[in-house]
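Chain by chain, the residues:
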Amino acid sequence: MAASGPKVLPLVLATMTSQALLVVLAPTVVAVAAELGTTVGAAGQARSVTAAVAVAVSLLLSARPRLLSVRRLLVAGSALALLACGAVAAARSTAAFLAAHVLVGLAFALLLSGGFAGLAAFGADRRPWATGYVAGANALAWILVTPVAGVLTEGWSWRAAEALPAALAVAALVAAPAALPAPSVRAGAALAPLRAGAARRWIVSEVAGYAAWTSLLTFAGAFFIQRLGVRESVAGWLLAGAAGAYLLASVRSGRLSRRWPRRRLIATAALVMAVLLPLMLGAARTTPVAVALFCVLGLAAGTRTPVSASLGLDQLPGQPAAMMAARTGATQLGYLVGAVLGGAVISGAGYPALGLVLAVVMATSAALVRRVDDPADPRP
């Protein structure tokens, strides 16, 4: 494990940076809306812009597999992340703020695709371990970025918070040349994830799961601030607490996937989330109860995400990089649907209704993943 640490570090930094570009919005979205003279739902559509661009870039990467050099993706993504942070911080209107997230979407797609594609360089015995840490890097961004972003927003400005993902982008850029190359892509692999039935079923399941989970992440900070009266700085720490639960589950998910069939494990975690979502957003009346439910949701999501990524890699064993580009597209399509859906439901019916809607979406993901083939499970 110690020898594998330096090999996985560039991938961890890349995925941390990609997630930091997104999570910085959670504790700052209320302040952004207030300063730019818009609503929280409208400011939250920055996630929709990011998602739409990332989906388009992911499709391009899947169609052009020769572009999927891990080091190339990490270097380009890190450089674009720096530009994106500057553009967001300089925005003086809602239109400029949303437009800056085009760069965020470009950087996100390259970094996340490269980070997960790099897992193909690990052998089958080390890949579950590496996948847990790379997926857990998403939670590290919440733990490191969100609390500090909340403090900077309350004490200074939401613009200052953009320095946090920018610093991670610098670290990712420095580490990128050390990333191991993924196996070469076979000829004729263009858009293979969309052409293969097994891979396509997994992608649909992943879109549904991410739509529910990322909708919660997009508006969780606003939920604590608006519904429970929590300050921005405190909200950042609450979000980090749930991220800690996610990280704890993620780094241990490899052991669970060796003991339980992956499809069953993913579906069970998704159903647990489906039960907890309406309890948190609708039934919780105090901050401690809501935080406790949010942390259990983090444990379930931290189990579901890396195990599902591992299952996705095995859908096209000869084309892991193309499959992980498709995963980036699936996650961002989920972000897009989740952000639009969440903003619309919150504006119209409020947070309790959002909890019910997200529960249905997550239960749908659980049902879909049961129809995905698992080559590692010989049982029907």
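Residues numbered from 1 in each chain as written. Predicted model: local features only at pLDDT ≥ 70, side-chain atom pairs only at ≥ 80, totals over all residues. Heavy atoms only, no water.

What to know about the overall build of the protein chain
Point 1. Of the regular secondary structure elements, the protein chain holds 15 helices and zero strands.
Point 2. Looking at the protein chain residue by residue over its 380 residues, the buried ones come to 60%.
Point 3. Counting contacts in the protein chain only where the partners sit at least 6 residues apart, residues at least 24 apart contribute 85% of the total.
Point 4. Taken as a whole, the protein chain presents about 13,600 Å² of accessible surface, with 68% of it coming from carbon and sulfur. (Helix = DSSP H or I, 4+ residues; strand = E, 2+ residues; numbered from the N terminus. Buried < 20%, exposed > 50% of the residue type's maximum accessible area, 1.4 Å probe, protein only. Contact = heavy atoms within 4.5 Å. Areas by Shrake-Rupley, 256 points an atom, 1.4 Å probe, with all protein chains shown as cover.)

Examining the pattern of salt bridges
Point 1. Following the criterion strictly, the structure yields three salt bridges and no others.
Point 2. Residue arginine 159 is joined to glutamate 35 by a salt bridge in which the shortest nitrogen-to-oxygen separation is 2.7 Å. Pair noted here: arginine 159 is in the loop between helix 7 (127–155) and helix 8 (163–175) and glutamate 35 is in helix 2 (residues 29–36), with a separation of 124 residues, a long-range link. (Salt bridge = Lys/Arg side-chain N within 4 Å of Asp/Glu carboxyl O.)

Here's the deal with the packing of aromatic side chains
Point 1. Using the criterion set out here, one finds five aromatic pairs in the structure.
Point 2. Geometrically, the ring pair formed by phenylalanine 224 and phenylalanine 294 is tilted, given 6.0 Å between the ring centres and 50 degrees between the ring planes. Here the residue phenylalanine 224 occupies a position in helix 10 (residues 197–227), and phenylalanine 294 occupies one in helix 13 (residues 287–313), the gap between them amounting to 70 residues. (Phe/Tyr/Trp six-rings, centres within 6.5 Å; stacked < 30°, edge-to-face > 60°.)

Points about the side chain of arginine 159
Point 1. For arginine 159, a relative accessible area of 13% translates into the label buried.
Point 2. Reaching out from arginine 159, the side chain makes a polar contact with the side chain of glutamate 35 at a distance of 2.7 Å.
Point 3. A distance of 2.8 Å separates a polar side-chain atom of arginine 159 from the backbone oxygen of alanine 89.
Point 4. The contacts of arginine 159, once residues within four sequence positions are left out, are Glu35, Leu36, Val88, Ala89, Ala90, Ala91 and Arg92. (Polar contact = N/O pair within 3.5 Å; in protein donor to acceptor, adjacent residues only side chain to side chain.)

Observations concerning the nonpolar core
Point 1. In terms of nonpolar packing, the biggest core is built from 123 residues, with Phe97, Trp213, Leu216, Phe224, Met280 and Phe294 touching the most fellow members.
Point 2. The element contributing the most residues to this core is helix 10, with 14 residues.
Point 3. The contact partners of phenylalanine 224, leaving out residues within four places of it in the chain, are Gly229, Val230, Leu238, Leu239, Met280, Ala290, Val291 and Phe294. (Core = buried A, V, L, I, M, F, W, Y, C linked by side-chain atoms within 4.5 Å.)

Quick look at helix 13
Point 1. Between its terminal C-alpha atoms helix 13 stretches 39 Å, which fits the 39 Å expected from 27 residues at 1.5 Å a residue.
Point 2. The element helix 13 is extensively covered by neighbouring structure, given that 20 of its 27 residues are classed as buried. (Expected span 1.5 Å × (residues − 1).)

A look at empty space enclosed by the protein
Point 1. Inspection of every chain in the model, using the stated rule, returns three cavities of 30 Å³ or more.
Point 2. Estimated volume of the largest cavity: approximately 190 Å³.
Point 3. Surrounding the largest cavity, 20 residues form its lining, Gln19, Asn138, Trp142, Trp213 and Leu217 being those nearest its centre.
Point 4. Listed by contribution, the elements that provide at least two residues to the lining of the largest cavity are helix 6 (94–117), helix 7, helix 10, helix 11 (232–259), helix 13 and helix 14 (320–348).
Point 5. Of the residues that constitute the lining of the largest cavity, the class distribution is 13 nonpolar, six polar and one charged.
Point 6. Lining the second largest cavity are 16 residues, with Leu21, Val24, Leu25, His101 and Glu162 sitting closest to its centre. (1 Å grid on protein atoms, 1.4 Å probe; cavity = no way out; pocket = protein on both sides within 12 Å on 5 of 7 lines; lining within 4 Å. Points joined across faces, edges and corners; volume = space filled by probe spheres on them. Nonpolar A, V, L, I, M, F, W, Y, C, P; charged D, E, K, R; others polar.)

Some remarks on the confidence of the model for the protein chain
Point 1. Across the protein chain, the average pLDDT comes to 82, with 86% of residues at or above 70.
Point 2. Model confidence for the protein chain, summarised as mean pLDDT per element, is weakest for helix 9 (residues 192–195) at 61 and strongest for helix 8 at 93. (pLDDT = per-residue confidence, 0-100.)

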